[in-house]
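Residues per chain, in single letters:
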Amino acid sequence: MASTGPIESWNINPTEVGPIYPFTGWTVLMFVACAVFCVTFMVWKFFSENSSYAARAAQLRDSDEMANSLSADNNHLQ
Amino acid sequence: MQSMDNELTALTVIFTEFYYWVTVVMMFLIHVGFCLYEVGVSREKNKLNTLMKNAMLIPTITFSFFFFGWWLYFAVPNGPGITGGLKSAPWSEPWNELMGPHLGGKPANTRLTSADTAVWSRLNGVFWAAFLLFSWTAGSILSGAVIERIRSAAFWLLAILVGSITWVIAAAWGWSDSGWMVEKLGYHDAYASGVIHALAGGSALAILIHLGPRIGRFRDDGTPRVLPAHNTWMIVIGMFLIYTGFWGFYAACNVPIIDIVPGDTHTFFSATTIYLTPTTLSAITVNFLMALTGGLLVGYMVSRGDPFWTFQGGLGGIITASAGNDLYHPFQAFFIAVAGVWCGYKLHYWVERKFRIDDAVGAVAIHGYCGTIGIIVTGFVLWGYPSSPNAEYATITPWGQLAGAVIIFFVLGFAPCYLAAWALKKARMLRIPWEVEFVGLDHDMLMEETASRNEYIAAEREHLRTWQTKERD
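Within chain A, the secondary structure is distributed over two helices and zero strands. Counting only residues that meet the buried cut, chain A has 24% of its 78 residues in that class. Carbon and sulfur atoms make up 65% of the accessible area of chain A, which totals about 5400 Å².

This is the structure we're talking about:
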């Protein structure tokens, strides 16, 4: 039965065998997919962090939390 | 595949492969140590963010190092444009067959030769991983300095810049048997005082200039306030783990077994440095310990027994002596460590007060200043030694090392991160809003935790009341 890679039997002359992983000719495509995923992660992190910090800062400015945190006797986490 | 058809040569190949694998596992402890150490130094309100910021540099540097960092090391030892052009290194390209499981026989890729596959099939992965762990270390050095106010995404981008680009270029130029700095300047940096530590310290300093100090760090007169660490034990255990991982770092800087005699006149197998110049594991082990000893002693002395600076002193001692620890006598390693840590400590406080630089963990001092001092001292102590087995390469000199220190600390360390941090600051993507900084980066998580705790306690009480009512009835 044909396999997904260059190996169909281990009864071979190893000196003549190169790559042994499956889908040997697909590495450029796999690289592109992996690169797209990782770059997407970084872009997502930049945007999500920016929006969440902006929202959080606005919320803190308008809420009692900041006043509570600024209270002199509320420094247990500082 | 001539190496694997004979028990002795096969043993050498598999020993080398296993040797680097062990160093990688040991070096993993450096990162565990950095995480513990940074979280310990941070305040209670920031500890989870500090942990995640450092832990997630593992994937961000890893993917970037896989994509282009490894290739960069082999491609640019000539500059390019200084001693030659861009070099071809197909085995290090991310899509190359030698980045995956390979028996070392006939290549499928026409750009590879049989010699490439024979050499790299069993070494590419472990070499890649050893270099990657150095990259994580470079990123972690930045991480500690900037805690409690940098945005994570900005930090990871800067960590990629240092971990997968600038330190890799420094390594190609000055930490490679064919780097142009070795060839032309006689640059010598056996255990990476410069290419990792000075470079990352210079990078951290540049980022800190744009990032600014934490709120409340300095009084109006410019003197610093102490922001107490939330867990001293985490700091101490973290430092011990960094020391432990540093053993693996030292071993990984060596080639474990190779014929050191140029040409075919005779044969002599030894461990060598990355420059293929001979050394022994025995010698570097003693020097490591003597440098640690000198650093601990002077760190304790100058800080009057402060645990933080004592442990940092031990690390700074090793870093200062590392550039020449392949050849130093143990007493030389000891005194170089003493001098480096003393200077690093004094410089830290001078820079802190003069320029209001808030380096939360003293990374610029211990890595940047100690590493730079280490490179320069090597030029005097090893003056006239050959930098390479290649007789045409320049010898080690004070001016060669000084030029190397400037290139590493300022050109490759400081300048790129200064520009990148400036751009991030302009885009308002570098520092967190002051409101969030004040209440703490973990504030939302802590509030959610408190809400969850209150909810289940209320549920438990309700359950108990129901049960008591049933019992009474």
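Don't stop here, the text continues.
Now for the interface of chain A and chain B. Often, the extent of an interface is quoted as the loss of accessible area upon association of its parts. Tallying the contact residues gives 32 residues for chain A and 41 residues for chain B. Summing both partners gives a buried area of about 3300 Å² for chain A against chain B, and 74% of it is carried by carbon and sulfur. Our count for the contact surface shared by chain A and chain B stands at two salt bridges. The partner of R56(A) in a salt bridge is D444(B), with the nearest N and O atoms 2.5 Å apart. At the boundary of chain A and chain B, one finds 10 residue pairs in polar contact (both at pLDDT 80 or more). For the side of chain A that touches chain B, the secondary structure elements donating two or more residues are α1 (27-61) and α2 (64-70) of chain A. The leading source of residues in the side of chain A that touches chain B is α1(A), at 17 residues.

The next subject is unusual backbone geometry. Residue and element names in this part refer to chain B. At the junction of G79 and P80, the peptide bond is cis and its omega measures out at -5° in the coordinates. Non-glycine residue A192 carries a positive phi angle of around 70°. Even without glycine at this site, R356 takes up a positive phi of about 55°. Position of R356 relative to the elements: it lies in the loop between α12 (330-355) and α13 (363-381).

Residues and elements named next belong to chain B. W70, Y73, F134, W167, W173, W175 and F249 are the most contacted members of the largest nonpolar core, which totals 132 residues. Ranked by residues supplied to this core, first place goes to helix α6 (residues 152-174) with 16 residues. Each residue touching W70, except ones within four places of it in the same chain, is listed here: F65, S92, M99, W120, N124, F127, W128 and F131.

Attention shifts here to the environment of A89(B). All names here are of chain B. Among the structural elements, A89 can be located in the loop between α3 (57-75) and α4 (114-120). Sequence separation between A89 and W71 is 18 residues, and the spatial gap between their C-alpha atoms is 6.7 Å. Sequence-distant contacts of A89, defined by excluding residues within four places in its chain, comprise W71 and F74.

All names here are of chain B. The three strands lie next to each other as β1-β2-β3, forming an open sheet whose pairing is antiparallel. Where the open sheet ends on each side, the last strands, each with one partner, are β1 (255-259) and β3 (278-279). As paired elements, strand β2 (residues 269-272) and β3 share two bridges and run antiparallel to each other. Bridge pairing links A271 to T279 in β3.

To continue, consider the environment of D116(B). Residues and elements named next belong to chain B. With respect to the helices and strands, D116 occurs in helix α4. As a C-alpha pair, D116 and G104 span 12 residues in sequence and 8.3 Å in three-dimensional space. When neighbours within four sequence positions are excluded, D116 is seen to be in contact with W91, L98, R111 and S121.

Now for the confidence of the model for chain B. Per-residue confidence for chain B averages 95 on the pLDDT scale, and 100% of its residues sit at or above 70. Scored as a whole, the predicted complex attains pTM 0.94, and scored at its interfaces, ipTM 0.91.

This part covers helix α5 (residues 124-145) of chain B. With 22 residues, α5(B) ought to run about 32 Å at 1.5 Å a step, and its terminal C-alpha atoms sit 33 Å apart, in line with that. With 21 of 22 residues buried, α5(B) lies mostly within the body of the structure.

All right, on to the pairing of β2(B) then. Residue and element names in this part refer to chain B. The sheet contact formed by β1 and β2 spans three bridges and is antiparallel. Across the sheet, the residue bridging to D259 is F269, located in β2. What sits between the antiparallel neighbours β2 and β3 is a turn of five residues, in which L276 has the positive phi angle 70°.

Once that is clear, we can look at the packing of aromatic side chains. Residue and element names in this part refer to chain B. Applying the stated criterion to the full structure yields 52 aromatic pairs over all chains. Centre to centre, the rings of W91 and W120 are 5.2 Å apart; their planes meet at 10°, and the pair counts as stacked. Here W91, found in the loop between α3 and α4, pairs with W120, found in helix α4; they are 29 residues apart in sequence, far enough to count as distant. Both residues of the pair, W91 and W120, belong to the buried class. We note K45 situated over the ring of F438; from NZ or CZ to the ring centre the distance is 5.7 Å. The ring of F218 carries R217 above its face, with NZ or CZ at 5.6 Å from the centroid.

Moving on, we get to the pattern of salt bridges. Residues and elements named next belong to chain B. Going through the model one piece at a time under the given rule, you end up with 15 salt bridges over all chains. Of the charged contacts in the structure, one is a salt bridge between E352 and R217, with a shortest N-O distance of 2.8 Å. Highlighted residues: E352 in helix α12 and R217 in the loop between α8 (193-211) and α9 (232-252), separated in sequence by 135 residues. Given a relative accessible area of 2%, E352 falls into the buried group. Where E449 meets R453, a salt bridge forms, and the shortest distance between an N and an O atom there is 3.1 Å. Taken together, the residues E449 and R453, both in helix α16 (residues 443-472) and four residues apart, mark about one turn of the helix. Here the salt bridges do not stand alone but share partners, grouping R43, E148, R149, R214, R217, E352 and D358 into one network.

Conventions and cut-offs
- Residues numbered from 1 in each chain as written.
- Chains lettered and ligands numbered in written order.
- Predicted model: local features only at pLDDT ≥ 70, side-chain atom pairs only at ≥ 80, totals over all residues.
- Heavy atoms only, no water.
- Helix = DSSP H or I, 4+ residues; strand = E, 2+ residues; numbered from the N terminus.
- Buried < 20%, exposed > 50% of the residue type's maximum accessible area, 1.4 Å probe, protein only.
- Areas by Shrake-Rupley, 256 points an atom, 1.4 Å probe, with all protein chains shown as cover.
- Contact = heavy atoms within 4.5 Å.
- Buried area = accessible area lost by both parts, 1.4 Å probe.
- Salt bridge = Lys/Arg side-chain N within 4 Å of Asp/Glu carboxyl O.
- Polar contact = N/O pair within 3.5 Å; in protein donor to acceptor, adjacent residues only side chain to side chain.
- Core = buried A, V, L, I, M, F, W, Y, C linked by side-chain atoms within 4.5 Å.
- Pairing = 2+ DSSP bridges.
- pLDDT = per-residue confidence, 0-100.
- Expected span 1.5 Å × (residues − 1).
- Phe/Tyr/Trp six-rings, centres within 6.5 Å; stacked < 30°, edge-to-face > 60°.
- Lys NZ or Arg CZ within 6 Å of the ring centre and 35° of its normal.

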